[in-house]
Amino acid sequence: RKPVTINTIQSLYRKNEPITMITAHDFPSAHVADHAGMDMILVGDSLAMVALGMEDTSEVLMEEMLLHCKSVARATKGAFTVGDLPMGTYEISPAQALESAIRMIKVGRVKSVKLEGGKEMASTIEKVTGAGIPVLAHIGLTPQRQNALGGFRVQGKSTSSALKLLEDAFAVQEAGAFAVVLEAVPAEVAALVTKELNIPTIGIGAGNGCSGQVLVQVDMLGNFPPGRFLPKFVKQYGNVWDETYRALSQYKNEVKSREYPAPEHTYPMPKEAFADFEK
Ligand code: KIV
Ligand code: NA
């Protein structure tokens, strides 16, 4: 397929065709997402939890993000790639953000960056887009700010916070963001924001009225043991944990019973050659 560019995203948006986005954190997860035809692949800093086992996204470093971005970029031939700027690499000043964004592009080999925040990040978004690096904004529930938000809470539930969300959306659009992620906001609010904007909204826990959707791949694949907390908006499209567990258990049992490897998994040697060798 033809590689998705920023123009493809704009054309999908104009045609009112939903934009598909999924996270990936390494070569295999990007490979399959690209083959499945995702429009966009996000190397989300959620990889802190789902790939690195950290408590939250505040722990992940730029160097770690870059390693994961590179592996995703190598597998991605069709989708438009976005790298998440990790906490601490863009908040200090627009110049810091631009420096980090440039590293993401040059070293991480992604095509664009995502950063969290609304109005207060407008000058930063302007700086980064001004250098020719597309920016995906992220407002509503911004996990890097969870301590200030009082945890993972739905945003825009009251009239005043819905109004703040709309202001943030206008601000990031005005600043030049090519699209904006709306995370954990009431569907009605997300739909209205989408209607008011002239850039695409990418929803996660934001209902069906957005211009596109994004999910964390590991969550939607069911790649963790049953009982792990998942937000309400995650639909489980697969059961990778069960399938992997089944396969690994069977492998273990077959090694223990010497059922594996069977003759068909084994390299033969001419009988005479072995007889000589044995002597
Ligand atoms: O880090 C991430 O995976 C994200 C998406 C959930 C939008 O930011
Ligand atoms: Na993120």
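None of these values were measured; they are calculated from a predicted model. (Residues numbered from 1 in each chain as written. Chains lettered and ligands numbered in written order. Predicted model: local features only at pLDDT ≥ 70, side-chain atom pairs only at ≥ 80, totals over all residues.)

**Details of the overall build of the protein chain**
So, step 1. A count of helical and extended segments in the protein chain gives 12 helices and 8 strands.
So, step 2. Counting only C-alpha atoms, the protein chain reaches 85 × 40 × 40 Å along its principal axes.
So, step 3. The burial tally for the protein chain puts 43% of its 279 residues in the buried class.
So, step 4. Residue pairs in contact within the protein chain that sit at least 24 positions apart in sequence constitute 57% of those at least 6 positions apart. (Helix = DSSP H or I, 4+ residues; strand = E, 2+ residues; numbered from the N terminus. Buried ≥ 20, exposed ≤ 12 C-beta atoms within 10 Å, placed from the backbone. Contact = placed C-beta atoms within 7 Å.)

**A short note on the packing of helix 5 (residues 94–106) against helix 6 (residues 122–130)**
Packed helix pairs are specified by the crossing angle of their axes together with the interaxial distance, meaning the distance between the axes.
So, step 1. Running from N to C, helix 5 and helix 6 cross one another at 45°; their axes reach a closest spacing of 8 Å. The pairing of helix 5 with helix 6 is recorded here as oblique in orientation. As helix 5 packs across helix 6, the resulting crossing turns out to be right-handed. Note on element contacts: helix 6 touches helix 5 through Ser 123, Thr 124, Lys 127 and Val 128, opposite Pro 94, Ala 97, Leu 98 and Ala 101.
So, step 2. Its residues placed into classes, the contact of helix 5 with helix 6 shows 5 nonpolar, 2 polar and 1 charged. (Axes fitted to C-alpha atoms, helices over the stretch in contact; angles between N-to-C directions. Parallel < 35°, antiparallel > 145°, perpendicular 65-115°, else oblique. Left-handed = near helix turned anticlockwise from the far one by under 90°. Nonpolar A, V, L, I, M, F, W, Y, C, P; charged D, E, K, R; others polar.)

**Topic: the sheet that holds strand 7 (residues 201–204)**
So, step 1. With parallel pairing, 8 strands are arranged side by side around a closed barrel as 1-2-3-4-5-6-7-8. The mean inter-strand angle of the sheet, taken between neighbouring strand axes irrespective of direction, is 25°.
So, step 2. Across the sheet, helix 8 (residues 159–175) is in contact with strand 5 (135–140) and strand 6 (179–183); its angle to strand 5 comes to roughly 170°. (Pairing = 2+ DSSP bridges.)

**A look at unusual backbone geometry**
So, step 1. A cis geometry characterises the amide bond from Tyr 260 onward to Pro 261, with omega recorded as -5°.
So, step 2. You can see Pro 261 is positioned in the loop between helix 11 (240–256) and helix 12 (271–278).
So, step 3. For Arg 109, which is not glycine, the phi dihedral falls at a positive 65°.
So, step 4. One can find Arg 109 in the loop between helix 5 and strand 4 (112–116).
So, step 5. Arg 109 sits in the partly exposed class, given 17 other C-beta atoms within 10 Å.
So, step 6. One non-glycine residue, Ala 184, adopts positive backbone phi at about 50°.
So, step 7. Tracing the backbone through its elements, the reader meets Ala 184 in the loop between strand 6 and helix 9 (187–196).
So, step 8. The class of Ala 184 is buried, set by 23 C-beta atoms lying within 10 Å.

**Concerning the nonpolar core**
So, step 1. If you look at the biggest cluster of nonpolar residues, it comprises 71 residues, and the most contacted ones within it are Met 40, Ile 41, Val 172, Ala 177 and Val 180.
So, step 2. At 6 residues, helix 4 (residues 62–75) tops the list of elements feeding residues into this core.
So, step 3. Beyond its immediate stretch of four places on either side in the chain, Ile 41 contacts Ile 22, Ala 24, Ala 30, Ala 33, Asp 34, Val 72, Thr 76, Ala 79 and Thr 81. (Core = buried A, V, L, I, M, F, W, Y, C linked by C-beta atoms within 7 Å.)

**Some words on the environment of Glu 91**
So, step 1. As for its position among the elements, Glu 91 is in the loop between strand 3 (80–84) and helix 5.
So, step 2. Glu 91 sits in the partly exposed class, given 17 other C-beta atoms within 10 Å.
So, step 3. Taking the C-alpha atoms as reference points, Glu 91 and Val 180, 89 residues apart in sequence, are found 18 Å from one another.

**As for helix 6**
So, step 1. Along helix 6, the residues classified as buried are Ala 122, Thr 124, Ile 125, Lys 127 and Val 128.
So, step 2. Against the buried residues of helix 6 lie helix 5, strand 4, strand 5 and helix 8.

**Looking at the pairing of strand 5**
The side chains of a regular strand alternate between both faces of the sheet.
So, step 1. In terms of burial, strand 5 is a largely internal element, 6 of the 6 residues being buried.
So, step 2. Neither face of strand 5 is open: one carries Val 135, Ala 137 and Ile 139, the other Leu 136, His 138 and Gly 140, and all of them are buried.
So, step 3. In this structure, strand 4 lies alongside strand 5, joined through 4 bridges in parallel fashion. Of the residues in strand 5, the one forming a bridge with Glu 116 is His 138.
So, step 4. With respect to chirality, the unit in which strand 4 leads through helix 6 into the neighbouring parallel strand 5 is right-handed. (Right-handed = clockwise from strand over helix to strand, strands pointing away.)

**Comments concerning the confidence of the model for the protein chain**
So, step 1. Taken over all residues, the pLDDT of the protein chain has a mean of 97, while the share at 70 or more is 100%.
So, step 2. Overall fold confidence for the complex sits at a pTM of 0.96, while the interface term, ipTM, reaches 0.99. (pLDDT = per-residue confidence, 0-100.)

**Considerations on the environment of Lys 77**
So, step 1. Among the secondary structure elements, Lys 77 is positioned in the loop between helix 4 and strand 3.
So, step 2. Distance in space between the C-alpha atoms of Lys 77 and Arg 1 is 8.4 Å, their sequence separation being 76 residues.
So, step 3. If we skip the residues at most four places from it in the chain, Lys 77 touches Pro 3 and Asp 34.

**Regarding the packing of helix 8 against helix 9**
So, step 1. Across the interface, helix 8 lies against helix 9 with an axial gap of 10 Å and an inter-helix angle of 30°. The pairing of helix 8 with helix 9 is recorded here as roughly parallel in orientation. Where helix 8 crosses over helix 9, the two elements pack in a sense that is right-handed. Contact residues: Ala 162, Leu 165, Leu 166 and Ala 169 in helix 8; Val 189, Val 193 and Glu 196 in helix 9.

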